[in-house]
Amino acid sequence: MTAYQKPVPAPDADSAPFWRGCREHRLLLQQCKGCGKFRFPAAQFCPACRSDAAEWLEASGRGTVYSWIVVVHPVPGDIYRDDVPYAVALVDLEEGVRMPTNIIGCDPRYIRAGMAVTVTFDDVSAELTLPKFRPA
Ligand SMILES: [Zn+2]
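Residues numbered from 1 in each chain as written. Predicted model: local features only at pLDDT ≥ 70, side-chain atom pairs only at ≥ 80, totals over all residues.

## Some points on the overall build of the chain
In plain terms, the rule: Where helices and strands are cited, they refer to DSSP runs of H or I of at least four residues and of E of at least two residues respectively, numbered from the N terminus. Only C-alpha atoms enter the radius of gyration, while the globule expectation follows 2.2 Å times N to the 0.38, with N the number of residues.
Counting its secondary structure elements, the chain contains one helix and eight strands. Ordered by position from N to C terminus, the α and β elements of the chain give α-β-β-β-β-β-β-β-β. Taking 136 residues into account, the globule formula puts the C-alpha radius of gyration at 14 Å, and the chain, at 16 Å, falls close to it. Its C-alpha atoms put the chain at 45 × 35 × 25 Å along the principal axes.

## Looking at the nonpolar core
Just so we agree on the cut-off: Each nonpolar core reported here comprises buried Ala, Val, Leu, Ile, Met, Phe, Trp, Tyr and Cys residues connected via C-beta atoms within 7 Å. Counting other C-beta atoms within 10 Å of each residue's C-beta, where C-beta atoms are placed from the backbone, gives the exposure class: buried for 20 or more, exposed for 12 or fewer, partly exposed between.
Residues Val91 and Ile103 are the most contacted members of the largest nonpolar core, which totals 17 residues. Of all elements in the fold, only α1 (16–23), β1 (28–32), β5 (86–93), β6 (98–103) and β7 (116–123) reach the threshold of two or more residues within this core.

## Considering the pairing of β5
Heads up, the rule is: Being paired, for any two strands, means DSSP has found at least two bridges between them.
Only one face of β5 is covered, namely the face carrying Ala87, Ala89, Val91 and Leu93; the face carrying Tyr86, Val88, Leu90 and Asp92 is uncovered. Summarising the sheet, strand β4 (residues 62–71) and β5 pair through eight bridges and their orientation is antiparallel. The residue of β5 that forms the bridge with Trp68 is Ala89. In this sheet, β6 lies alongside β5 in antiparallel orientation, the contact comprising six bridges. Bridging from a neighbouring strand, Leu90 pairs with Pro100 of β6.

## Notes on the sheet that holds strand β2 (residues 38–39)
The sheet built from three strands is open, its strands ordered β2-β1-β3 with antiparallel pairing. The open sheet terminates on both sides in strands that have one partner only, identified here as β2 and β3 (54–58). As paired strands, β1 and β2 are joined by two bridges and run antiparallel to one another. By the bridge assignment, Gln30 is partnered in β2 with Arg39.

## What about the pairing of β4?
Within a regular strand, the side chains alternate between the two sheet faces. As paired elements, β4 and β7 share three bridges and run antiparallel to each other. Across the sheet, residue Arg62 finds its bridge partner in β7, namely Thr118.

## Here we look at α1
Cut-off, in case you're wondering: The arc in question is the one spanned by the directions pointing from the helix axis to the C-beta atoms.
Listed in full, the buried residues belonging to α1 are Phe18, Trp19 and Cys22. Seen from one end, α1 has its buried residues packed into an arc of 95°, which puts them on one side. Within two residues after α1, His25 carries a phi angle of roughly 60°, on the positive side.

## Quick notes on unusual backbone geometry
A cis geometry characterises the amide bond from Phe40 onward to Pro41, with omega recorded as 0°. Here Pro41 shows up in the loop between β2 and β3. Backbone torsion omega between Val84 and Pro85 reads -5°, so that peptide bond is classified as cis. Unusually for a residue other than glycine, His25 sits at a positive phi of about 60°. Here His25 shows up in the loop between α1 and β1. Positive phi, close to 70°, is recorded for Arg50, a residue that is not glycine. Looking at where Arg50 falls in the secondary structure, it is placed in the loop between β2 and β3. Overall, the presence of 10 C-beta atoms within 10 Å leaves Arg50 in the exposed class.

Written as structure tokens, this is what we have:
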């Protein structure tokens, strides 16, 4: 496997469990023990009730497309030039959080708002797995 050349996430104390879960092909979300709401991205305090008590639970991996763009024109020097056309999307998960991601596994022209999608995991390197979504 060649070295992954694109920008990579920098896990911190709050997000490290999320990225470990991706390595295991499990989509983990923080759930507040105070009010029960899921949150993403991970944070020390719940934005709804300010509780710092939380646990990590595996999400269903199911969601719907909220919004998206399709990148079709690379610019000179663009490290994503070999990927065009590709879709960058916001997916609403069943658990009530909105996640930035890519939609793969379909022609991006056929992506629609509300389209049902399911998580899939892209092992881009030995250390990094990215959660992406494909049509359900
Ligand atoms: Zn809460």
